[in-house]
Amino acid sequence: MMPNLIRFFLLSLLVCSPLLTEAQSTPSSSSPGRTLTMAQAEALALKNNPQITIGKLRALVAQQYVREARSALLPNAYLSVTAVDSNPGSRLAAGGLNNPILFPRAAAGATAGQLITDFGRSTNLLSSSEFQAKAEDQNSAATTAQIILAVDQAFYNVLETKDLVTVAQKTVDSRQALVDKIKALTNAKLKSDLDLSFSTVDLARGKLLFLEARNNYETSLAVLSAILGFPDEQNFQLVEEPAAIAPPALDVLPLIQQALQQRPEVAALQDQVQAAEKFGSAEHDLWRPTVSALGVVGEAPVRDNHISNWYGAVGVNINIPIFNGSLYSARAKAADLQTELNRQKLTDLRNNIVRDVRNSWQDTNRAYERLSVTQQFREQASLGLDLAQARYNLGLGSIVEFSQAELQKTEADLADTDAKYQYRLTQIVLAYTISAPK
């Protein structure tokens, strides 16, 4: 009996002593890629992501519409060259109510026209286009904020999945050491095949956990690479900048007010409402008269004797709409309905933002409270594993007890790692919903 106890003691020392050391070893990483901080990732996305370019181009297009609307208030001038060969003294007799005489001639001249007033229609159209341009600028800012949010979320997802890979690798190493230990004890007839079977099953579970964690890490890298504008997956080595864990705000109402005041989506819809109002006013102004001036001057070096060698004239034209088949009424009604539609969209957006801020704030509070719980869980699980391992080494505990303690330790490590990154992610989402500066 005594030799067996001595052999058991020696084998336990030889096999169990490196167990905790091996469990703390980190997995070997592949060839290191480009190091990347969060600020560098955001700069890359702003430079390469097509959505950023699309937002800027839409804003530039809107600026050209402003120039287009402003052109109605500026003079128009053009040159004309005309040459006519006709039967001398003939007249146009059909095709119109006018009856001009046709003379052979060749002439060149200039024409200039200027709108005097259309009683506010052109100025309202200009104001509408200016508000629309401001709305596109705000939409571009909103797109930028959304891309930055996506980059930050993808960045932390990569960090989290990488840490989970490390936890899974440590689990595999720890369970592999346990299997080797029990196999040696089983070969020495000091442990049963049941113990070896249980430990082998736990090792297989650890390997499955590692494979899933590694797959999630590769997926998160692919997502980050796509957001940064790369067509292929990049093997980034992310650099996490240390930051103190600050508690969330105590009151959500100031956050809601900040969101309603600073969110670019709200500002964009407010500008769209004003643009629609100005456009509606312009459509109602279609019923008002239009007063314009026109001036022409030119010379006819080749001409009939009845034509002077030069010509010039100025005039004022007034157009007063009377009837057009209800076209103007329909356009004005459609513009009013569009204005009301934009107002309702703005109200709906504000309600959604209030809801999003409240939800994000609650998520942040829950994630912050989860930090202490998962930390406690991890400490207790570590203590439980140490006790279960000591009992198993002394032959006082079963392999089932030890396996259960090891499973709880792995679960606690995963929960604690997830809790830290989930709190950071909820802070990022909350900062986005209230449009807080970084």
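Okay, so let's go over this structure. (Residues numbered from 1 in each chain as written. Predicted model: local features only at pLDDT ≥ 70, side-chain atom pairs only at ≥ 80, totals over all residues. Heavy atoms only, no water.)

Mapped onto the elements of the fold, Glu-265 is located in helix H8 (residues 264–284). Classification of Glu-265 as buried rests on a relative accessible area of 14%. In this structure the side chain of Glu-265 is engaged in a polar contact, spanning 3.2 Å, whose partner is the side chain of Tyr-432. Leaving out residues up to four positions away in the same chain, Glu-265 has contacts with Ala-142, Gln-146, Leu-349 and Tyr-432. (Helix = DSSP H or I, 4+ residues; strand = E, 2+ residues; numbered from the N terminus. Buried < 20%, exposed > 50% of the residue type's maximum accessible area, 1.4 Å probe, protein only. Polar contact = N/O pair within 3.5 Å; in protein donor to acceptor, adjacent residues only side chain to side chain. Contact = heavy atoms within 4.5 Å.)

What the rule picks out here adds up to five aromatic pairs. Taken together, the ring pairs connect Phe-155, Tyr-156 and Tyr-421 into an aromatic cluster. Above the ring of Tyr-432, the side-chain terminus of Arg-263 is found at 5.0 Å from the ring centroid. In this arrangement the basic side chain of Arg-424 is found over the ring face of Tyr-421, its NZ or CZ atom lying 5.3 Å from the centre. (Phe/Tyr/Trp six-rings, centres within 6.5 Å; stacked < 30°, edge-to-face > 60°. Lys NZ or Arg CZ within 6 Å of the ring centre and 35° of its normal.)

Glancing now at the sheet that holds strand S5 (residues 105–117). Pairing is antiparallel in the open sheet, where four strands are placed in the order S2-S5-S7-S8. Each edge of the open sheet is held by one strand with a lone partner, namely strand S2 (76–84) and strand S8 (310–319). Averaged over all neighbouring strand pairs, the angle between strand axes comes to 20°, with direction disregarded. Pairing of S5 with strand S7 (residues 290–302) involves ten bridges; the strand directions are antiparallel. For Gly-109, the partnering residue across the bridge sits in S7 and is Gly-298. (Pairing = 2+ DSSP bridges. Axes fitted to C-alpha atoms, helices over the stretch in contact; angles between N-to-C directions.)

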